[in-house]
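# Examining the three-dimensional arrangement
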Amino acid sequence: MTLASGLSRPFAGRRLRGAAVATAVVASSVLGLTAVGAAPASAVTSSACTHQVRLDTRVTATVNFRTGPGTGYTSKGLLMKGQGIYWACYKGNWGYVKPYYGAHKGQYGWVSRTYIAVPMNY
């Protein structure tokens, strides 16, 4: 396109995409539809805990270190089998832990309680 038209081709394309998005938003509002997206789950802190633990222990297998108590939350990475952790508290079957070393040292996150070592009381 030339300067006489007032728009360059890339700008016109962005304008059309913006109009399509605006039309979709208006249509969904009129029809009462809700947008469903795969937004990443946000981090959940210890305020979600229902029980306090306060225990130094280890994980019993290589496990996902998550942003919240459930498999629907984003994995921050892995904790390796034998990783030393501070287990602060839990909610349901999920423990809120802080690794003592490794890539996630000092960060809090969530691990399935199935994989947290529980010392035996004699």
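### Observations regarding the overall build of the chain
In terms of helices and strands, the chain carries one helix and six strands. Of the regular secondary structure in the chain, the N- to C-terminal order runs α-β-β-β-β-β-β. In the chain, buried positions account for 26% of the 122 residues.

### Points about the nonpolar core
By size, the foremost hydrophobic cluster in this structure holds ten residues: Val59, Val63, Phe65, Leu79, Ile85, Trp87, Tyr90, Val97, Val111 and Ile116. Contributing elements (two or more residues each) for this core: β2 (63-66) and β4 (84-91). Val44, Cys49, Ala88 and Cys89 belong to the second-largest nonpolar core, a separate cluster that totals nine residues.

### Quick word on the state of the cysteines
Under the defined criterion, the tally for this structure stands at one disulfide. What pairs with cysteine 49 in a disulfide is cysteine 89, and their sulfur atoms sit 1.9 Å apart. Its S-S torsion of approximately 50° makes the covalent link between cysteine 49 and cysteine 89 right-handed. Here cysteine 89 lies in strand β4 and cysteine 49 lies in the loop between α1 (9-31) and β1 (51-58), a separation of 40 residues in the sequence. Using a relative accessible area of 15% as the deciding quantity, one classes cysteine 49 as buried.

### Considering the environment of histidine 104
By the element assignment, histidine 104 lies in the loop between β5 (94-99) and β6 (109-112). When the C-alpha atoms of histidine 104 and leucine 78 are compared, they prove to be 8.7 Å apart, with 26 residues separating the residues in sequence. Excluding residues within four positions of it along the chain, histidine 104 makes contact with Phe65, Lys76, Gly77, Leu78, Leu79 and Pro99.

### Thoughts on the environment of glycine 84
Mapped onto the secondary structure, glycine 84 falls in strand β4. Taking relative accessible area as the criterion, glycine 84 reaches 5% and is therefore assigned buried. C-alpha separation for the pair glycine 84 and tyrosine 101, spaced 17 residues apart in sequence, amounts to 7.2 Å. For glycine 84, the contacting residues outside a window of four places in its chain are Thr57, Arg58, Lys98, Pro99, Tyr100 and Tyr101.

### With respect to the pairing of β5
For β5, a buried count of five out of six residues is recorded, marking the element as mostly surrounded by other parts of the structure. Examined bridge by bridge, β4 and β5 share six bridges and lie antiparallel to one another. Paired with isoleucine 85 across the two strands is proline 99, which belongs to β5. From the end of β4 to the start of β5, which pair antiparallel, there are two residues, and glycine 92 there has a positive phi angle of about 60°. Sheet analysis places β5 next to β6, joined by four bridges and oriented antiparallel. Opposite tyrosine 96, over in β6, you have tryptophan 110 as the bridge partner.

### As for the confidence of the model for the chain
Across the chain, pLDDT averages 76, with 65% of residues at or above 70. Here α1 stands out as the element of the chain with the lowest mean pLDDT, 41, in contrast to β2, whose mean of 98 is the highest. Considering only residues more than four positions removed or in separate chains, one finds that residues 1-40, a stretch of pLDDT under 50, has five contacts.

Criteria and thresholds
Residues numbered from 1 in each chain as written. Predicted model: local features only at pLDDT ≥ 70, side-chain atom pairs only at ≥ 80, totals over all residues. Heavy atoms only, no water. Helix = DSSP H or I, 4+ residues; strand = E, 2+ residues; numbered from the N terminus. Buried < 20%, exposed > 50% of the residue type's maximum accessible area, 1.4 Å probe, protein only. Core = buried A, V, L, I, M, F, W, Y, C linked by side-chain atoms within 4.5 Å. Disulfide = S-S within 2.5 Å. Contact = heavy atoms within 4.5 Å. Pairing = 2+ DSSP bridges. pLDDT = per-residue confidence, 0-100.

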